[in-house]
Amino acid sequence: MNYRIIEKILRIFKEEIIPLTSKGVLSGNKIFGAAILNKKDYSLIIAGTNNEISNPLWHGEISTIKNFYEMKENSHINIKECIFISSHEPCSLCLSAITWCGFDNFYYLFPYEQTSDIYKIPHDLDILSEIFGVKKGKYNKNNKYWKCYNINALINDLSNTEQELINPILISIKKSYESLSEKYQSIKHKNKIPLK
């Protein structure tokens, strides 16, 4: 994946996903968000964020998929012509939703370890381990249904010059998520989400 595409994806995080997530966190929701893009030109089709306050199943990815299928304009969009991006590596629920919907790819910014260690939300790794016996989040990341990509690894594959250009955007996004995480952690005791 080239610099232009990665920059476009990061801009969608900064300009679309993070503003939605900021509003969601103020309502007591977690910090997870997602977007669906057009493969042809990487334009945004729809973005969404966690809405577990309304329904514990409305994770960022699930909420985004729900919104996508409620769009009247999506009836002509072939899911195989879409790119799915997620702020955090999808949990087992969201991995299943991505699969059942027919996406052949997804891209994520923060891996499970960061979700657990930095953002203090360990449930993804815990559920994979306790229920599915998948240790340390080591599921099959390239399978007959889809391939997934860590956006940070894609950035590491860019030239040094391209990395220097893109790093300020990435740093800004990470700071936004750190701030959102601090806010969520400070107010989560007030919400009724089963797994906080």
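On a predicted model such as this, the values are computed, not experimentally measured, just so you know.

**Student:** Give me the overall build of the chain: which residues, what numbers.
**Tutor:** When helices and strands are counted, the chain shows seven helices and five strands. When the helices and strands of the chain are placed in sequence order, the string is α-β-β-α-β-α-β-α-α-β-α-α. In terms of C-alpha radius of gyration, the chain reaches 16 Å, essentially the compact-globule figure of 16 Å for 196 residues. For the chain, the spread of C-alpha atoms along the three principal axes comes to 40 × 40 × 35 Å. For the chain, buried positions account for 50% of its 196 residues. Taking contacts inside the chain between residues at least 6 apart in sequence as the whole, the part at least 24 apart equals 63%. Of the side chains in the chain, 25 bear a positive and 21 a negative charge, and the two mean positions are spaced by 4 Å.

**Student:** So what about the sheet that holds strand β2 (residues 44-49)? Which residues, and what values?
**Tutor:** If you walk across this open sheet you meet the five strands as β2-β1-β3-β4-β5, and the pairing is mixed. For this open sheet the edge positions go to β2 and β5 (147-150), each flanked by a neighbour on one side alone. The mean inter-strand angle of the sheet, taken between neighbouring strand axes irrespective of direction, is 20°. Sheet analysis places strand β4 (residues 105-110) next to β5, joined by four bridges and oriented parallel. Looking at the pairing, Asn105 lines up with Lys147 of β5. Its contacts with the sheet place helix α7 (residues 160-187) against β3 (82-88) and β4, and it is angled at close to 75° to β4.

**Student:** Please set out the packing of helix α2 (residues 60-70) against helix α3 (residues 92-101) residue by residue, giving values where relevant.
**Tutor:** Remark: α2 packs on α3, axes separated minimally by 9 Å, with the N-to-C direction vectors making an angle of 25°. With respect to α3, the element α2 is oriented roughly parallel. Taken together, the residues of α3 that come into contact with α2 (itself represented by Glu61, Ile62, Ile65 and Tyr69) are Leu93, Cys94, Ala97, Ile98 and Cys101. Across the contact of α2 with α3, the residue classes break down as eight nonpolar, no polar and one charged.

Conventions and cut-offs
Residues numbered from 1 in each chain as written. Predicted model: local features only at pLDDT ≥ 70, side-chain atom pairs only at ≥ 80, totals over all residues. Heavy atoms only, no water. Helix = DSSP H or I, 4+ residues; strand = E, 2+ residues; numbered from the N terminus. Rg over C-alpha atoms; globule rule 2.2 N^0.38 Å. Buried < 20%, exposed > 50% of the residue type's maximum accessible area, 1.4 Å probe, protein only. Contact = heavy atoms within 4.5 Å. Lys, Arg positive; Asp, Glu negative; His and termini not counted. Charge placed at Lys NZ, Arg CZ, Asp CG, Glu CD. Pairing = 2+ DSSP bridges. Axes fitted to C-alpha atoms, helices over the stretch in contact; angles between N-to-C directions. Parallel < 35°, antiparallel > 145°, perpendicular 65-115°, else oblique. Nonpolar A, V, L, I, M, F, W, Y, C, P; charged D, E, K, R; others polar.

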